[in-house]
Amino acid sequence: MSLRNYVIRRLLFSIPLFLGISIILFALMINAPADYVDVLRLTNPTMSPEEAANIRHNLGLDREPMEQYILWLLGRNSEVGDWGNFFEEFANFVIFIPFRFIQDTGVLDFGVPDSNFEPGFIFGNMGRSFTGSSINSIIGALAWETIKLQLASLLMSLMIGIPLGIFSARKPYSRLDNLGTTLALFGVSMPVFWTGIMFILLFSDYKIFFGIRFPALGSTSYTLTGNEGAIELLVDELAHMILPTIVLGLAGTALVLRLTRSSMLEVLRQDYILTARSKGLPERLVIYKHALRNALLPVVTVVGLSIGFLLAGAALTETVFSWPGLGREAVARINLRDYNFMMGVNMLIAIMVIVSNLVTDITYAFLDPRIRY
Amino acid sequence: MTFAEEPLLELEHLKTQFFTEDGVVKAVDDVSFKLHRGEVLGLVGESGCGKTITSLSILKLVPTPPGKIVGGKVMFNGEDLLELSEERMRQIRGNEISMIFQDPMTSLNPVFTVKNQILENIKLHQDVSEDEALEKGIELMQMVGIPEARRRINDYPHLFSGGMRQRVMIAMALSCNPQMLIADEPTTALDVTIQAQVLDLIKDLQEDLNMAVLYITHNLGVIAEIADNVAVMYAGNIVEYTDVNTIYDKPDHPYTRALLSSIPRMDKKISRLGVIRGTVPNLITPPSGCRFHPRCPYATEKCSTQVPPYVEIEPSHFSFCHYAATL
Amino acid sequence: MSKEGKIVIDDERLEAFEKEKEKRRRAGRIMIFWRRFRRHRMGVFGLFIIIFVTFVGVFAPFLAGPGRLVPFGPRESNVQARFTPPFSYESAKDTAASQEASTLEKTVAAFYANYKLNFINGMSTTALPHYLQLSKIDSIVDETTEEELWSSSLDPADYLNANGSLRLPTSFNGSALIDYRTGGKIAFQINPSKNKLTFVSIFLAVRVDSPESVWGGKFKVYLYEAESDLNSANYLASSSVQSYLVSTGPSISLRLIDFRFSVAGLQITTGSTYTVVLDTEIMDIEFPGINQYVVTRSGPAEMDPLRTTNQNWNALDGWNDQDTATYEGWMAYVAVFYVTNKFHVFGTDALGRDILAATIWGATSSLTVAFLAQGITTLIGIIVGTIAGYYGGFWDNVLMRLTDIILAIPFFFLLLIAITLWEQISLYFMAIIIGVLGWAGIARVVRAQFLSLRELEYTEAARALGVSNVTIMFKHLLPNALAPVIVQTTLGTATVILIEAGLSFLGFGDPLAVSWGTAIQWGMTGNTLRFAPWVATIPGLAIFVVVLGFNLMGDALRDALDPRLKN
């Protein structure tokens with residue numbers, strides 16, 4: 001099977017998966033005892049039942065579950081908030097997409113009328129959160145903060161974890177290996193939010209590192225006036241990244257170290273390593289040419305998976321560092337019972353997971369010639 | 001067959017031990033033998049008796065830790081390999097002494113092409129260009145009987161069958177015209193028909209290149225086919241050393257006898273195959289005296305207390321038994 | 001062989017040799033496994049930790065409280081007792097410590113007389129002295145009023161009006177009670193000792209008694225010059241915030257909220273006196289049976305904008321980078337009791353809750369959730385994996401696609417969504433949710449094992465003999481597939497503990513149970529982290545140790561069950 005066919009087949013197979021995920025999520029939120037309006041009534045106890053019903057109606061929460069699901073999936077008339085003349089508007093919308101696009105750029109005017117059709121999930125529109133803003137724009141605003149933190153910590157864990165793991169595996173049960181594995185075990189055993197709190201206490205409050213106070217709140221200083229130069233802004237941003245990156249990275253490093261070590265130990269026990277040594281290859285080549293490529297295969301899987309969950313962020317770490325990312329946002333939104341937002345974010349992440357799994361599998365096949373699609 | 005000249009390889013009182021949590025495993029204990037140019041020496045024994053560790057000790061490839069060569073000498077071309085630097089040792093490995101392993105399925109690195117792995121060896125030990133190395137590699141593959149060598153050299157190991165992979169291993173081992181080849185049960189993992197082919201191949205190449213071969217196996221039938229001399233190992237000791245005919249006609253050590261009586265033979269009519277009672281001793285606390293004594297039908301008090309001497313029963317026939325030549 | 005007669009066959013020695021072999025064979029799989037496991041000292045250490053913590057968890061009612069608690073789980077009736085330290089003052093009557101304790105007790109009792117005034121429907125007085133203690137009193141500016149506070153008599157006549165209504169104590173700085181039905185104003189006199197008054201911070205402690213507790217209010221802070229008319233609009237600065245509090249269950253006791261009102265940018269003269277007015281407008285909420293009281297108490301304190309739950313705290317970030325001394329400000333306190341003494345071995349939090357007791361109760365909560373959830377996970381995982389792996393085909397497809405679906409959703413988010421399905425979360429619901437959603441990993445492991453096992457000869461043999469599928473699956477194959485499941489379960493328990501702590505930390509835990517995560521959250525409330533770092537540290541250490549124990553044991557089990565991994 002060619003690579004292209006394989007990818008197409010995998011993507012086709014993932015369509016029922018998407019539907020399954022969305023139905024499960026939808027079923028969960030339909031069954032929740034309190035909805036967004038209940039929470040609103042708590043914040044505003046003076047709200048009358050009529051007002052509440054009105055809000056529910058506007059959000060479409062009073063519709064049949066099946067109807068809500070289809071509106072979410074396919075789209076709705078943004079004026080009346082329901083089907084409207086669904087099929088006509090739907091067809092109108094789909095047919096005129098390219099024309100409207102060109103018209104919007106101002107190059108040509110086709111005279112295509114504006115559409116009241118608000119596209120649903122299948123058009124890449126994750127819909128509106130209950131608070132009114134578009135979920136796409138919320139994610140757009142927060143995604144970079146989450147991604148930069150995640151990527152930085154992932155980079156840190158790979159850059160420290162892999163070399164240390166190799167080192168540990170080369171001299172198993174030596175003193176340094178014992179130290180490394182013990183620390184790694186500590187790393188995977190510490191609750192990450194607690195590590196974060198301890199880091200804030202030590203590095204931001206007690207200033208134990210040469211009396212430097214590391215910023216521990218948010219991703220930029222509040223005191224910025226807007227007149228700072230690009231370099232100042234960059235320094236400020238990087239300074240805020242230090243603590244959360246290290247906290248997240250430590251847990252990742254511990255994980256990567258353990259993984260690399262155990263898989264390297266496994267590989268070094270293989271016959272082909274003995275073969276390589278019996279050929280007189282220098283130890284450096286044996287380790288970095290023959291062993292490493294085999295040993296890194298499981299690490300590739302883990303990294304691939306974590307890239308899929310990149311946008312999920314680290315809800316706990318982000319909360320502790322009040323990092324304006326998607327993880328913290330999700331926690332706040334769940335408190336508001338903003339299920340639309342949760343639905344949108346989770347679907348987006350599910351897509352990323354499925355795509356990254358596919359990419360991982362393809363990468364795997366390149367790294368390991370034994371595997372065919 | 002006699003070899004007048006100086007031996008190519010001479011092991012003197014080699015001792016290799018493994019330091020594990022359970023105790024010290026005396027895997028190779030006081031092993032000595034000689035190997036001449038053009039000679040094929042069969043090293044026979046049950047699994048776990050120290051054959052493989054002996055061969056790895058020669059190349060100093062014993063996994064360290066936990067393993068360690070604690071004593072003895074490995075004289076190769078007049079040099080003691082155990083004294084050599086790691087740098088010099090690397091020049092010997094793959095160049096002057098090559099090794100092929102038991103399981104061709106796992107002894108080739110699955111993520112590199114055959115070309116990569118053969119050429120790696122050639123380029124490491126010989127000052128040749130990429131193209132010359134490739135030609136040499138293809139030539140080697142043709143020599144070991146791989147069809148369409150020019151095309152198949154670019155394949156990954158998993159695309160070869162077991163026998164073909166072992167041929168690739170042999171090609172790799174012979175790429176630098178080594179003076180000595182260590183073959184560690186090279187045919188054990190193969191089908192019987194393939195076994196015979198590979199065995200023939202090794203024999204032919206050995207004669208063509210006049211290599212010394214240390215052939216390790218637990219299969220006495222294979223030994224009869226290929227070896228000039230035979231060393232029988234038991235629990236880390238060599239218990240008998242002689243030429244291949246003597247071992248079948250006049251075995252001396254009780255273990256060798258027991259071993260021979262436990263395999264069917266075409267030249268003798270035996271109603272029932274012999275069985276060696278008991279099991280292989282663990283090598284952490286090996287039996288005192290002669291290590292075979294708990295299983296030996298002829299054992300006496302002396303056997304359990306005194307380590308037996310090497311007795312030269314007749315020229316080039318050694319037996320490691322108190323009652324050598326008397327049983 | 002002609003000389004055979006000469007040789008004695010030593011049967012005796014052979015027998016001894018064989019006997020030892022036989023003994024080893026008879027020891028069986030479990031003994032062999034145990035012998036292998038025992039060799040991992042760290043694994044045995046992990047097992048010891050687990051046994052110890054399980055013991056603590058099971059006997060928490062007797063260890064954490066003075067033995068008067070309902071066993072298994074701190075429920076409603078345990079709420080107040082769980083705040084008390086495990087060691088009672090009574091047990092130290094005749095020692096020198098009892099002197100100290102009794103002085104302390106008097107102080108506390110005296111304070112609590114005032115404190116209780118504010119919590120008129122408060123807790124039973126008997127338990128109070130043990131857990132309400134003061135340390136930060138020294139920062140009250142007006143010495144005389146402080147004296148008044150502590151020497152005030154316990155006679156209700158002092159603080160009740162003739163008609164039984166509460167008299168607002170105006171004689172000292174700013175402790176006041178506001179009826180939720182009316183709202184009200186409290187004025188504080190403040191006297192900045194440093195050159196800048198940057199902001200006023202007010203903590204509000206609220207007590208709510210209601211099955212459906214909702215509390216909300218609007219708060220405004222005005223800053224006046226001392227002598228000016230407090231009712232007119234001639235304030236120097238003002239700030240307002242609207243906040244609400246939802247408690248999730250009946251009989252919640254204390255909630256501490258903090259509000260900060262920034263009045264930065266004002267030019268304040270050192271030495272002059274100003275008046276801060278807190279104007280509260282409590283929302284009129286139509287819930288019968290709610291008694292709410294707003295209590296504030298003021299006092300100067302070193303400004304530390306380290307933590308607050310208020311949204312405003314982002315505005316305080318900037319303070320971090322500068323010397324705190326320039327930001328000397330004023331804070332309104334209620335009950336900041338950070339005390340470490342011999343009775344509170346691990347100290348208390350801002351509300352006087354004993355951290356040792358909380359840590360002990362945390363073991364109960366954590367292990368209840370961990371064992372229950374992991375049990376469910378393992379059970380479902382084994383069943384799903386067995387069916388998928390053994391039958392293959394249709395069932396394999398269906399179950400594995402379900403597994404894919406669950407694995408494609410971020411687990412923590414999935415839990416957050418699922419947990420909102422319950423109006424009031426209890427430990428058991430938490431365990432069930434974590435367990436029911438977490439089986440995907442184990443199911444995959446079991447399935448992979450079964451895929452290879454079902455091809456083996458003995459499966460064929462059993463089938464040929466007419467053994468039923470269920471018997472083959474669970475009696476013949478499952479024991480052979482268990483090794484990785486045991487390892488996964490052990491390591492999974494560690495993960496569940498971390499997840500439970502994380503959920504509780506975010507406030508999605510059982511509000512009536514003390515969990516380690518909740519206790520860490522106490523340590524993040526207000527200024528607690530700065531003044532009382534132990535509140536967050538010690539429960540976190542407890543999590544760390546238990547999770548380490550499970551990880552150590554899991555690693556050792558992996559080595560013991562899979563000797564291939566050991567050299």
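These lines cover the structure that appears in this document, whether it is placed above or below. (Residues numbered from 1 in each chain as written. Chains lettered and ligands numbered in written order. Predicted model: local features only at pLDDT ≥ 70, side-chain atom pairs only at ≥ 80, totals over all residues. Heavy atoms only, no water.)

Below, the discussion takes up the side chain of Ser504 of chain C. Residues and elements named next belong to chain C. By the secondary structure assignment, Ser504 is in helix H14 (residues 469–505). Under the relative-accessibility criterion, Ser504 is labelled buried at 4%. Setting aside residues up to four positions removed in sequence, Ser504 forms contacts with Met430, Gly509, Ser515, Gly517 and Thr518. (Helix = DSSP H or I, 4+ residues; strand = E, 2+ residues; numbered from the N terminus. Buried < 20%, exposed > 50% of the residue type's maximum accessible area, 1.4 Å probe, protein only. Contact = heavy atoms within 4.5 Å.)

All right, on to helix H7 (residues 192–209) of chain B then. Residue and element names in this part refer to chain B. Given a rise of 1.5 Å per residue, 18 residues ought to cover 26 Å, and the 26 Å separating the end C-alpha atoms of H7 matches this to within 8%. Among all positions in H7, only Gln195, Val198, Leu199, Leu201, Ile202, Lys203, Leu205 and Gln206 are buried. Summarising the contacts, the buried residues of H7 are in contact with strand S3 (40–44), strand S6 (97–100), helix H4 (130–143), helix H6 (162–174), strand S8 (212–217) and helix H8 (220–226). (Expected span 1.5 Å × (residues − 1).)

Another point: the interface of chain B and chain A. On the chain A side, the residues contacting the 27 residues of chain B number 19 residues. Where chain B packs against chain A, one counts two salt bridges. Glu120 of chain B is the salt-bridge partner of Lys279 of chain A, the closest N and O atoms lying 2.8 Å from each other. Secondary structure elements with two or more residues in the side of chain B that touches chain A: S6, helix H3 (114–125) and H6 of chain B. Among the elements that make up the side of chain B that touches chain A, the one with the highest residue count is H3 of chain B (six residues). Considering only residue class, the side of chain B that touches chain A consists of 14 nonpolar, nine polar and four charged. (Salt bridge = Lys/Arg side-chain N within 4 Å of Asp/Glu carboxyl O. Nonpolar A, V, L, I, M, F, W, Y, C, P; charged D, E, K, R; others polar.)

This part covers the pairing of strand S7 (residues 180–184) of chain B. Residue and element names in this part refer to chain B. Extensive coverage of S7 is indicated by the burial of five of its five residues. Going residue by residue along S7, you find Met180, Ile182 and Asp184 tucked away on one face and Leu181 and Ala183 tucked away on the opposite face as well. The pairing of S6 with S7 spans four bridges and is parallel. Opposite Ile97, over in S7, you have Met180 as the bridge partner. Of the strand pairs in this sheet, S7 and S8 are connected by five bridges, and their pairing is parallel. Note on S8: the bridge partner recorded for Leu181 is Val213. Note on the crossover from S7 through H7 to S8: the handedness is right-handed. (Pairing = 2+ DSSP bridges. Right-handed = clockwise from strand over helix to strand, strands pointing away.)

Turning to the nonpolar core, a few remarks are in order. Side chains of a nonpolar character, in soluble globular proteins, are inclined to be buried together. Core analysis: the biggest nonpolar cluster contains 140 residues, and Ile197 of chain A together with Phe413, Leu503 and Phe505 of chain C have the highest contact counts within it. It is helix H17 (residues 534–561) of chain C that provides the largest number of residues to this core, a total of 15 residues. Apart from the residues within four sequence positions on either side, Phe413 of chain C is in contact with Ala312, Ala315, Leu326, Gly327, Ala330, Met342, Val345, Asn346 and Ile349 of chain A. (Core = buried A, V, L, I, M, F, W, Y, C linked by side-chain atoms within 4.5 Å.)

Counted at 1.5 Å a residue, the expected span for helix H12 (residues 297–308) of chain A with its twelve residues is 16 Å, and the 17 Å between its end C-alpha atoms agrees. On its buried side, H12 of chain A packs onto helix H6 (135–170), helix H9 (230–268), helix H11 (283–295) and helix H15 (339–367) of chain A.

All names here are of chain B. Strand order in the open sheet made by the four strands is S2-S1-S4-S5, with antiparallel pairing throughout. The outermost strands of the open sheet, each flanked by one partner alone, are strand S2 (23–35) and strand S5 (79–80). Of the strand pairs in this sheet, strand S1 (residues 9–20) and strand S4 (residues 67–76) are connected by eight bridges, and their pairing is antiparallel. Bridging across to S4, Phe18 finds its partner in Gly67. Where helix H1 (residues 51–58) meets the sheet, its contacts fall on S1, S2 and S4, and the angle it forms with S1 comes to roughly 110°. (Axes fitted to C-alpha atoms, helices over the stretch in contact; angles between N-to-C directions.)

With that settled, consider the packing of aromatic side chains. All names here are of chain A. Under the counting rule described, the total for this entry stands at 19 aromatic pairs over all chains. For the ring pair Phe199 and Phe203, a centre distance of 5.2 Å and an interplane angle of 40° mean the geometry is tilted. Of this pair, Phe199 and Phe203 are both found in helix H8 (residues 192–205), four residues apart, which corresponds to roughly one turn of the helix. Using a relative accessible area of 15% as the deciding quantity, one classes Phe199 as buried. Their ring planes at 70° and their centres at 4.9 Å tell us that Phe209 and Phe210 sit as a pair that is edge-to-face. Classification of Phe209 by relative accessible area gives partly exposed; the value is 37%. (Phe/Tyr/Trp six-rings, centres within 6.5 Å; stacked < 30°, edge-to-face > 60°.)

This brings us to the environment of His158 of chain B. Relative to the helices and strands, His158 of chain B resides in the loop between helix H5 (149–152) and H6. Assessed through its relative accessible area of 28%, His158 of chain B is described here as partly exposed. Along the backbone, His158 of chain B and Tyr241 of chain B are 83 residues apart, and their C-alpha atoms lie at a distance of 39 Å. Leaving out residues up to four positions away in the same chain, His158 of chain B has contacts with Pro369 and Arg370 of chain A together with Arg165 of chain B.

On their own, these measurements won't tell you what the molecule is for.
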